[in-house]
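As a plain string of letters, each chain reads:
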Amino acid sequence: MRKIAIVGFKGGIGKTTTCISLGAALALRGHKVLLLDTDTQANLTVALGLPQPKKSLADVLVKKAMPEEVILSARKNLDLLPSSLSLFKAQQRMVFEMAREEIFEEIFSNLTCYDYMVIDCAPSLSLLTVNSIVYADEIFIPVSMEMLALTGAEQFIEYLKEVARVMERGADIRLIIPTMYDPRRRVSDKVMQLLGKLGPRVTQPIRVDTMLSEAPGEGQTIYEYAPRSRGAIDYARLAETVATLPPLEKTNNYHSQLNQPTNGVKVKEGINDTHHLSRQSEGWGGQNYNNN
Ligand SMILES: Nc1ncnc2c1ncn2[C@@H]1O[C@H](COP(=O)(O)OP(=O)(O)OP(=O)(O)O)[C@@H](O)[C@H]1O
Ligand SMILES: [Mg+2]
């Protein structure tokens with residue numbers, strides 16, 4: 001199972017939209033996908049049009065339920081392990097647990113039937129976000145087309161270095177996903193140019209599309225609400241990029257990772273404490289996405 005965390009410091013940059021739309025697109029490609037909601041806002045449940053669940057990730061964390069008892073079937077190939085407000089309390093309990101950063105590893109060890117787990121994170125440095133980062137093999141950072149979002153992404157990459165240093169574990173920032181790209185706004189192209197300098201691979205942008213903001217209100221994925229929309233097309237293309245990424249080298253040994261190349265950017269305290277780059281061009285060359 002590929003474990004992907006969709007993370008970012010800043011609120012409203014498209015994390016949840018990316019989680020659900022990428023998950024739905026991967027499911028439509030025939031992959032078995034589990035969405036994991038670690039945000040107490042519990043947006044994924046509503047966006048998928050599911051009723052408020054009786055149990056949530058909180059019950060799994062405090063060992064009152066097995067993941068299998070909590071997971072909801074959302075669509076064909078698409079399941080959800082929902083969040084709830086009570087995650088706040090569960091999180092407080094986690095603070096007192098030993099080896100808390102390995103909790104996800106432990107509680108999800110039996111989930112073997114999925115091809116992908118896509119984790120939606122809150123825009124905060126909660127314990128759950130740290131757990132998600134440590135647990136995931138791949139980190140995707142959405143960045144909306146604002147200068148502040150770009151700064152947030154830079155800060156977040158620095159923060160990941162810190163996490164790697166403290167946890168003694170590398171984190172692979174595999175993709176930076178530009179979101180809400182609007183060709184009519186000059187700032188979009190400016191941010192796109194600067195994103196290329198951050199280091200990790202930058203995907204083609206997800207264009208701004210009101211359909212993407214309307215779909216969750218109807219409890220539908222973009223493929224149900226507006227299957228021919230720009231949003232649907234862009235997330236299908238992202239799913240293709242994700243599905244065809246070369247496999248990650250499987251190693252959890254922090255020290256053995258130090259000299260190994262990676263498919264993305266391995267963020268860790270290593271030689272000169274710099275990012276180790278192995279960039280693959282996504283073909284972004286300032287194309288105009290004006291045409292639908
Ligand atoms: N490409 C897009 N075009 C238009 N609207 C979008 C796009 N992507 C996301 N949105 C809208 O922007 C808002 C913020 O997106 P989203 O909830 O995905 O961000 P988030 O990073 O998960 O926010 P939070 O940090 O609060 O969890 C939502 O209303 C969403 O519908
Ligand atoms: Mg969100």
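Scoring rules and cut-offs
- Residues numbered from 1 in each chain as written.
- Chains lettered and ligands numbered in written order.
- Predicted model: local features only at pLDDT ≥ 70, side-chain atom pairs only at ≥ 80, totals over all residues.
- Pairing = 2+ DSSP bridges.
- Helix = DSSP H or I, 4+ residues; strand = E, 2+ residues; numbered from the N terminus.
- Near = placed C-beta within 6 Å.
- Axes fitted to C-alpha atoms, helices over the stretch in contact; angles between N-to-C directions.
- Parallel < 35°, antiparallel > 145°, perpendicular 65-115°, else oblique.
- Left-handed = near helix turned anticlockwise from the far one by under 90°.
- Contact = placed C-beta atoms within 7 Å.
- Nonpolar A, V, L, I, M, F, W, Y, C, P; charged D, E, K, R; others polar.

A word on the pairing of strand 3 (residues 72-75)
Two strands pair when backbone bridges link them, and strand 3 and strand 4 (residues 78-81) are joined in this way by three bridges, in the antiparallel orientation. Residue pairing across strands places S73 opposite D79, the latter belonging to strand 4.

Quick notes on the site of ligand 1
Around ligand 1 sit 17 residues in total, of which K15, T16, T17, P123 and S213 are the nearest. For the shell around ligand 1, the elements supplying multiple residues, two or more each, are helix 1 (15-28) and helix 10 (210-214). Here the element with the most residues in the shell around ligand 1 is helix 1; it accounts for three residues.

Details of the environment of V118
Among the structural elements, V118 can be located in strand 5 (residues 116-120). Distance in space between the C-alpha atoms of V118 and I4 is 4.9 Å, their sequence separation being 114 residues.

So, the packing of helix 1 against helix 12 (residues 230-243)
Axis separation between helix 1 and helix 12 bottoms out at 8 Å; the angle between their running directions is 70°. The orientation of helix 1 with respect to helix 12, classified from their angle, is roughly perpendicular. Where helix 1 crosses over helix 12, the handedness of that crossing is right-handed. Packed against helix 1, whose contacting residues are S21, L22, A25 and L26, the element helix 12 presents G231, Y235, A236, L238, A239, V242 and A243 at the interface. Taken together, the residues of the contact of helix 1 with helix 12 sort by class into nine nonpolar, two polar and no charged.

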